[in-house]
Amino acid sequence: MFVVIFRARVRQFDAQYTSVAAQMRELALKDFGCLEFTAVTEGEQEIALSYWPDEASIRAWKQQADHQMAQQLGRERWYASYSVEIAEIQRSYARPSSAPTPT
C-alpha cells in the first residue's frame, strides 16, 4: 500500500474549492482505487493523506483530466505553495476502539 502526502500553504479557498475538492475525493475513491482520503486544514496549512493499493493507481489518478484541471486551479487560485510525497507503507497496525457499542 502507498500513501500520497499532499502539503500546501493555502492562499484562499472559495465556494468552488469546496465543490471541486468533494468531486475529486469522490472520483478518486469510486473510480481510481483510492482506499482512503483524509484532509485537514489549520490556519493556512493543509495536509491531505490518500492511500492507494499501488503506484499504477496513483499515476492514473495524476493523469485524470478532471484532476489535472483541479491541480491547475490549485496552482492558480487556492495554494501559495505545495509539496507531494509518495511513500510505500511497510507496516501498519491499529488498536480497535474499546468504547462500548450503543444499544
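Residues numbered from 1 in each chain as written. Predicted model: local features only at pLDDT ≥ 70, side-chain atom pairs only at ≥ 80, totals over all residues. Heavy atoms only, no water.

Peer 1: Would you mind going over the packing of helix α2 (residues 55–63) against helix α3 (residues 65–78) with me for this structure?
Peer 2: Helices that pack against each other are described as a pair by the angle of their axes relative to one another and the distance between those axes. Put simply, α2 and α3 touch, their axes get as near as 5 Å, and they point 65 degrees apart. Taken together, the axis directions place α2 and α3 in an arrangement best described as roughly perpendicular. For the pair α2 and α3, contact is made by Trp61, Lys62 and Gln63 and by Ala65, His67, Gln68 and Gln71, respectively. Here the residues of the contact of α2 with α3 are counted per class, giving two nonpolar, four polar and one charged. (Axes fitted to C-alpha atoms, helices over the stretch in contact; angles between N-to-C directions. Helix = DSSP H or I, 4+ residues; strand = E, 2+ residues; numbered from the N terminus. Parallel < 35°, antiparallel > 145°, perpendicular 65-115°, else oblique. Contact = heavy atoms within 4.5 Å. Nonpolar A, V, L, I, M, F, W, Y, C, P; charged D, E, K, R; others polar.)

Peer 1: How should I be thinking about α2 in this particular structure?
Peer 2: An α-helical segment advances 3.6 residues per turn. Residues three or four places apart therefore align on the same side. Taken together, the buried positions of α2 are occupied by Ser57, Ile58 and Trp61. Projected down its long axis, α2 shows its buried positions confined to an angular sector of 100 degrees, all on one face. In α2, the exposed residues that point more than 90 degrees away from the buried face are Arg59 and Gln63. Those residues of α2 that are buried lie in contact with β1 (2–10), α1 (15–31), β3 (45–52), α3 and β4 (79–88). Where α2 begins, the side chain of Asp54 points an oxygen toward the backbone nitrogen of Ala56, at a separation of 3.4 Å. (Buried < 20%, exposed > 50% of the residue type's maximum accessible area, 1.4 Å probe, protein only. Arc of directions from axis to C-beta. Polar contact = N/O pair within 3.5 Å; in protein donor to acceptor, adjacent residues only side chain to side chain.)

Peer 1: What exactly am I supposed to notice about the packing of α1 against α3 here?
Peer 2: One way to put it is that α1 packs onto α3 with a least axis distance of 11 Å and a crossing angle of 150 degrees. Classified by the interaxial angle, the pair formed by α1 and α3 is roughly antiparallel. The crossing of α1 and α3 is left-handed. For the pair formed by α1 and α3, the contact residues are Gln16, Tyr17, Val20, Met24 and Leu27 on the first element and Asp66, His67, Ala70, Leu73, Arg77 and Trp78 on the second. Taken together, the residues of the contact of α1 with α3 sort by class into seven nonpolar, two polar and two charged. (Left-handed = near helix turned anticlockwise from the far one by under 90°.)

Peer 1: Would you mind going over the pattern of salt bridges with me for this structure?
Peer 2: Where charged atoms from two side chains of opposite charge approach closely, those side chains can pair. Going through the model one piece at a time under the given rule, you end up with two salt bridges. The salt bridge partner of Glu85 is Arg7, with a shortest N-O separation of 2.7 Å. Of the two residues, Glu85 sits in strand β4 while Arg7 sits in strand β1, which places them 78 residues apart along the sequence. In this structure, the salt-bridge partner of Asp14 is Arg77, at a minimum N-O distance of 2.4 Å. Here Arg77 lies in helix α3 and Asp14 lies in the loop between β1 and α1, a separation of 63 residues in the sequence. Owing to a relative accessible area of 28%, Asp14 belongs among the partly exposed residues under this scheme. (Salt bridge = Lys/Arg side-chain N within 4 Å of Asp/Glu carboxyl O.)

Peer 1: Explanation requested: the pairing of β3 in the structure shown.
Peer 2: Sheet faces and side chains relate simply in a regular strand, where the side chains alternate between the two faces. The two faces of β3 differ: Glu46, Ala48, Ser50 and Trp52 on one face are buried, but Gln45, Ile47, Leu49 and Tyr51 on the other face are not. Pairing of strand β2 (residues 36–42) with β3 involves seven bridges; the strand directions are antiparallel. When the sheet's bridge partners are listed, Glu42 is paired in β3 with Gln45. The turn linking β2 back onto β3 is made up of two residues, and Gly43 within it adopts a positive phi angle of 60 degrees. (Pairing = 2+ DSSP bridges.)

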